[in-house]
Amino acid sequence: LELESMDFSVSDLVDRIVEMFAARTSQKGIDLKVLGHPRLPSRVRGDPNRLAQVLINLIGNAIKFTDTGGVVVRTFLEAGDMESVTVRFTVTDTGIGISEEQKHRLFQAFSQADASTTRRFGGTGLGLAICKNIVGLMGGSIGVESVPGAGSTFWFTVKLGVPDAEADLRESKLPSLLHVVARGYRPPEGDRPKK
């Protein structure tokens, strides 16, 4: 696996991926929601195609194993400075869940939770092993939290560059300024134009 490096928007990428699954979730009658972190930089630098590959796999699996309820995709800014950020993604479903014993086999190549899973849902389990490799190359880790019969949360982190930290800082201040203006901000007496 080789990684590319380009500037992209995490929120736009997640939105595009979720749109890909809209028809599938509608057909199954389940919800698919996205929750983003307000402090996430507007643009980051990394490999959006490999990141998309991981998200598509995790979201696709969550939908596959969920018959009622729904799937929620969240992004969090876990850590960051002017040069890089660590972003955490979680994909939570209300599906069949995974036992403690089954969790240990999930990220191994060609391994699923058990044979009955393969018979019912299909697939080889190779996707999660590839996801683990991609996430590792991007300086992160991957894991799962689950309760059998009560759903699962797959999570992973990746380290991404910040292409223009100053631009992001300026953009982050803009909503605050607009909020002040919208609430009827009045400048001090000395700053008001003379009538």
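Structural data are supplied above this passage.
This write-up is about the structure you can find in this document. The residue numbering used here restarts from 1 in each chain and proceeds along that chain's sequence as written. Given that the model is predicted, a residue must reach a pLDDT of at least 70 before its local features are reported, and side-chain atom pairs must reach 80 or more before they are shown or counted; all residues, however, enter totals for whole chains, interfaces and linings. Here the side-chain values reflect all heavy atoms present in the structure, with hydrogen atoms and water set aside.

### With respect to a nonpolar patch on the surface
Thinking step 1. There is a patch of nonpolar side chains on the surface, built from Leu 1, Leu 3 and Leu 137 and spanning about 270 Å² of accessible area.
Thinking step 2. For Leu 137, a relative accessible area of 45% gives the class partly exposed. Here a patch means residues that are over 30% exposed by relative accessible area and free of salt bridges, tied together within 9 Å if like-charged and within 5 Å if nonpolar (Val, Leu, Ile, Met, Phe, Trp, Tyr). Accessible areas in this description were obtained via Shrake-Rupley with a 1.4 Å probe; residue shielding takes into account the shown protein chains only. Any carboxyl oxygen of Asp or Glu that lies within 4 Å of a side-chain nitrogen of Lys or Arg is treated as forming a salt bridge with it. Any residue under 20% of the maximum accessible area for its type is buried, any over 50% is exposed, and the rest in between are partly exposed; the area is computed with a 1.4 Å probe on protein chains only.

### Quick word on the nonpolar core
Thinking step 1. Here, nonpolar core refers to any group of buried Ala, Val, Leu, Ile, Met, Phe, Trp, Tyr and Cys residues whose side-chain atoms link them within 4.5 Å. Counting residues in each nonpolar core, the largest one holds 41 residues, and the members touching the most others are Leu 51, Ile 59, Phe 89, Phe 156 and Leu 160.
Thinking step 2. Each helix corresponds to a stretch of at least 4 residues labelled H or I by DSSP, and each strand to a stretch of at least 2 residues labelled E; elements are numbered beginning at the N terminus. Elements with a minimum of two residues in this core: α1 (10–20), α3 (48–64), β4 (70–80), β5 (84–93), α6 (126–137), β6 (142–146) and β7 (152–161).
Thinking step 3. The element contributing the most residues to this core is α3, with eight residues.

### Quick notes on the side chain of Thr 153
Thinking step 1. The residue Thr 153 is located in strand β7 in this model.
Thinking step 2. The exposure class of Thr 153 is buried, given its relative accessible area of 18%.
Thinking step 3. A polar atom in the side chain of Thr 153 sits 2.9 Å from the side chain of Thr 92.
Thinking step 4. Contacts: residue pairs with any heavy atoms within 4.5 Å of one another. With residues near it in sequence (within four places) discarded, Thr 153 still touches Thr 90, Val 91, Thr 92, Gly 143, Val 144 and Glu 145. Nitrogen and oxygen atoms within 3.5 Å of one another constitute a polar contact, given that in protein one can donate a hydrogen and the other can accept it, and given that sequence-neighbouring residues count only through two side-chain atoms.

### Structural notes on the environment of Glu 4
Thinking step 1. If you trace the backbone, Glu 4 turns up in the segment before β1 (6–8).
Thinking step 2. Overall, Glu 4 belongs to the partly exposed group, its relative accessible area being 45%.
Thinking step 3. Between the C-alpha atoms of Glu 4 and Arg 45, which are 41 residues apart in sequence, the distance is 9.5 Å.
Thinking step 4. Those residues in contact with Glu 4, other than ones at most four positions away along the chain, are Gly 46, Asp 47 and Asn 49.

### Overview of the environment of Ala 79
Thinking step 1. Here Ala 79 is to be found in strand β4.
Thinking step 2. On the accessibility criterion, Ala 79 (38% relative accessible area) is partly exposed.
Thinking step 3. The sequence separation of Ala 79 and Leu 40 amounts to 39 residues, and the corresponding C-alpha distance is 9.9 Å.
Thinking step 4. With sequence-adjacent residues up to four places away left out, Ala 79 is seen in contact with Val 85 and Thr 86.

### Quick look at α6
Thinking step 1. Given the number of residues in a helix, its expected span is that number minus one, multiplied by 1.5 Å. Its 12 residues give α6 an end-to-end C-alpha distance of 17 Å, which sits within 8% of 16 Å, the value for a rise of 1.5 Å per residue.
Thinking step 2. By the burial criterion, the buried members of α6 are Leu 128, Ala 129, Cys 131, Ile 134 and Val 135.
Thinking step 3. Check the buried side of α6 and you find it contacts α3, β6 and β7.
Thinking step 4. Taken from the residues just after α6, Gly 139 is the one with a positive phi, measuring 75 degrees.

### Things to note about the packing of aromatic side chains
Thinking step 1. Within 6.5 Å between ring centres, the rings of Phe, Tyr and Trp (the latter by its six-membered ring) count as paired, and their orientation is classed by plane angle as stacked under 30 degrees, edge-to-face over 60, tilted in between. The tally for this structure, following the rule as stated, stands at two aromatic pairs.
Thinking step 2. Ring centres of Phe 89 and Phe 156 lie 4.8 Å apart, and the angle between their planes is 10 degrees; this geometry places the pair in the stacked category. Placement of the pair is Phe 89 in strand β5 and Phe 156 in strand β7, with a sequence separation of 67 residues.
Thinking step 3. Between Phe 107 and Phe 154, the ring centres sit 6.3 Å apart and the planes meet at 70 degrees, which makes this aromatic pair edge-to-face. With Phe 107 in the loop between α4 (100–103) and α5 (115–121) and Phe 154 in strand β7, this pair connects stretches of sequence that are 47 residues apart. As far as the burial class goes, Phe 107 and Phe 154 line up, both buried.

### Topic: the side chain of Asp 47
Thinking step 1. When you line up the elements, Asp 47 lands in the loop between β3 (44–46) and α3.
Thinking step 2. Charge counting treats Lys and Arg as positive and Asp and Glu as negative, with His and both chain ends excluded. Buried within the structure, Asp 47 lacks any salt-bridge partner; Arg 50 is the closest side chain of opposite charge, at an N-O distance of 4.5 Å.
Thinking step 3. A polar contact is formed between the side chain of Asp 47 and the backbone nitrogen of Glu 4, at a distance of 2.7 Å.

### Examining the packing of α1 against α3
Thinking step 1. Contact pair α1 / α3: the axes reach a minimum separation of 10 Å and the direction vectors enclose 40 degrees. By the angle between their directions, the pair α1 and α3 is classed as oblique. As α1 packs across α3, the resulting crossing turns out to be right-handed. Contacts between α1 and α3 involve Leu 13, Val 14, Ile 17 and Met 20 from the first element and Pro 48, Leu 51, Ala 52, Leu 55, Ile 56 and Ile 59 from the second.
Thinking step 2. Each residue is assigned to one of three groups, with Ala, Val, Leu, Ile, Met, Phe, Trp, Tyr, Cys and Pro labelled nonpolar, Asp, Glu, Lys and Arg labelled charged, and all others, Gly among them, labelled polar. Of the residues assigned to the contact of α1 with α3, the class counts are 10 nonpolar, no polar and no charged. Fitting a line to C-alpha atoms yields each axis, with helices limited to the stretch in contact; the angle taken between N-to-C directions then spans 0 to 180 degrees. Just so you know how the angles are binned, under 35 degrees is roughly parallel, over 145 roughly antiparallel, 65 to 115 roughly perpendicular, and the rest oblique. Crossings are classed by handedness, with left-handed meaning an anticlockwise turn of the near helix from the far one by less than a right angle and right-handed meaning a clockwise turn.

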